[in-house]
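# Analysis of the macromolecular model
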Amino acid sequence: MPENITPYKDSQLGKKEQVTQMFDNISGSYDGLNRVISFGIDIKWRKKVLKMVQDTRPDTILDIATGTGDLAILMSQTNARKIIGLDISAGMLEVGKHKIADRNLSDKIDMVIGDSENMTFDDNTFDAITVAFGVRNFENLEKGLAEILRVLKPGGIFVILETSQPEKSPYKQFYRFYSKNILPLIGRLFSKDNSAYRYLSDSASVFPYGEALNNILRKTGFIEVKSLPQTFGVATIYSASKN
């Protein structure tokens, strides 16, 4: 299990409650900061996730830790009848609802507040489930993955997009310097929550990636588990399915 890094070290709240508070605090600046921090490359990664899901021709899609709905909105390019974006942060969802309304997608995408580790959906509900930069915020990773497995239909696709760590020089050294020094500095300059982007950096540094996360997915019960490193290994796309 990954080390349980939390956003606010002096808080008495649990990780789940702290993460909710953090994303509520930064919801207004999150989209703009994401583009700056990733140099816009995250858009390319999300499009790869879209292609993987699109190829399976899903009818129903669940986007977990949907935040402001970027990936859920992208999934509207599939022929899915219904897309649900799930998140624990009401602040992030509110931003997402406005974006969806502006694109006239409110009839296709529902933004729902909820806990990915305790979902209210029936077993075998969704043809495809996605989560972008969200699994490392789970309070209990294996519990969250087990819930995803439960609500995924047999033969359905599960795709994770998550940060990882380059293993080759000089990318490894540059990434370490950038994530430890530059990313939190940008967060402090543009966000009212000084702890948020330090947490995002720290949580990424200890989260399992590559074969380590593949093995956790297999242990949870997923099959056909694959990992595809992106951009020198600063992110990885994982895909899996269910018997």
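So, a few notes on the structure that sits alongside this text. (Residues numbered from 1 in each chain as written. Predicted model: local features only at pLDDT ≥ 70, side-chain atom pairs only at ≥ 80, totals over all residues. Heavy atoms only, no water.)

### Points about the overall build of the protein
Tallying secondary structure elements over the protein gives nine helices and seven strands in all. For 243 residues, the compact-globule estimate of 2.2 N^0.38 gives 18 Å, and the protein sits close to it at 17 Å. Projected onto its principal axes, the C-alpha positions of the protein cover 45 × 40 × 35 Å. Burial analysis of the protein (243 residues in total) assigns 55% to the buried set. Look at the contacts in the protein between residues 6 or more apart in sequence, and 71% of them connect residues 24 or more apart. (Helix = DSSP H or I, 4+ residues; strand = E, 2+ residues; numbered from the N terminus. Rg over C-alpha atoms; globule rule 2.2 N^0.38 Å. Buried < 20%, exposed > 50% of the residue type's maximum accessible area, 1.4 Å probe, protein only. Contact = heavy atoms within 4.5 Å.)

### Comments concerning the pairing of strand β5 (residues 152-163)
A regular strand places its side chains so that they alternate between the two faces of the sheet. For β5, the buried fraction is high: nine of the 12 residues fall into the buried class. By the bridge criterion, six bridges tie strand β4 (residues 126-132) to β5 in an arrangement that is parallel. When the sheet's bridge partners are listed, V131 is paired in β5 with I160. Regarding the hand of the β-α-β motif, the stretch spanning β4, helix α6 (residues 141-151) and β5 is right-handed. In terms of strand pairing, β5 meets strand β7 (residues 235-241) through seven bridges, oriented antiparallel. (Pairing = 2+ DSSP bridges. Right-handed = clockwise from strand over helix to strand, strands pointing away.)

### Section: the packing of aromatic side chains
One pass over the full model with this rule turns up seven aromatic pairs. On the numbers, 5.7 Å between centres and 35° between planes, the contact of F39 with Y178 is tilted. Taken together, the positions of F39 in the loop between α2 (30-37) and α3 (41-54) and Y178 in helix α7 (residues 171-190) put the pair 139 residues apart, joining distant regions of the chain. Taking the relative accessible area as the measure of exposure, F39 reaches 60% and is therefore exposed. Judged by relative accessible area, Y178 falls into the buried class, the value being 11%. On the basis of an interplanar angle of 10° and a centroid distance of 4.1 Å, the ring pair of Y171 and F232 is categorised as stacked. Taken together, the residues span a long stretch of sequence, with Y171 in helix α7 and F232 in the loop between β6 (223-230) and β7 at a distance of 61 residues. Judged by its relative accessible area of 35%, Y171 is partly exposed. Judged by its relative accessible area of 55%, F232 is exposed. In textbook terms, an aromatic cluster arises when at least three aromatic residues are bridged by ring pairs, as seen for F39, F174 and Y178. (Phe/Tyr/Trp six-rings, centres within 6.5 Å; stacked < 30°, edge-to-face > 60°.)

### Here's the deal with the nonpolar core
What tends to happen in soluble globular proteins is that the nonpolar side chains get buried as a cluster. Of all hydrophobic cores here, the largest spans 27 residues; its most connected members are L62, I64, I129, I148, F158, L217 and F222. Looking at this core, the elements that each hand over two or more residues are β1 (60-64), β2 (82-87), β4, α6, β5, α9 (211-220) and β7. Considering each element in turn, this core owes the most residues, five residues, to α6. Residues in contact with I64, not counting those within four places in the same chain, are L86, S116, M119, I129, T130, V131, A132, F138 and I148. (Core = buried A, V, L, I, M, F, W, Y, C linked by side-chain atoms within 4.5 Å.)

### As for the environment of T20
With respect to the element layout, T20 can be found in helix α1 (residues 15-26). Taking the relative accessible area as the measure of exposure, T20 reaches 19% and is therefore buried. Note: C-alpha distance between T20 and S89 (69 residues apart in sequence) is 5.1 Å. Apart from residues no more than four positions distant in its own chain, T20 is found in contact with I88 and S89.

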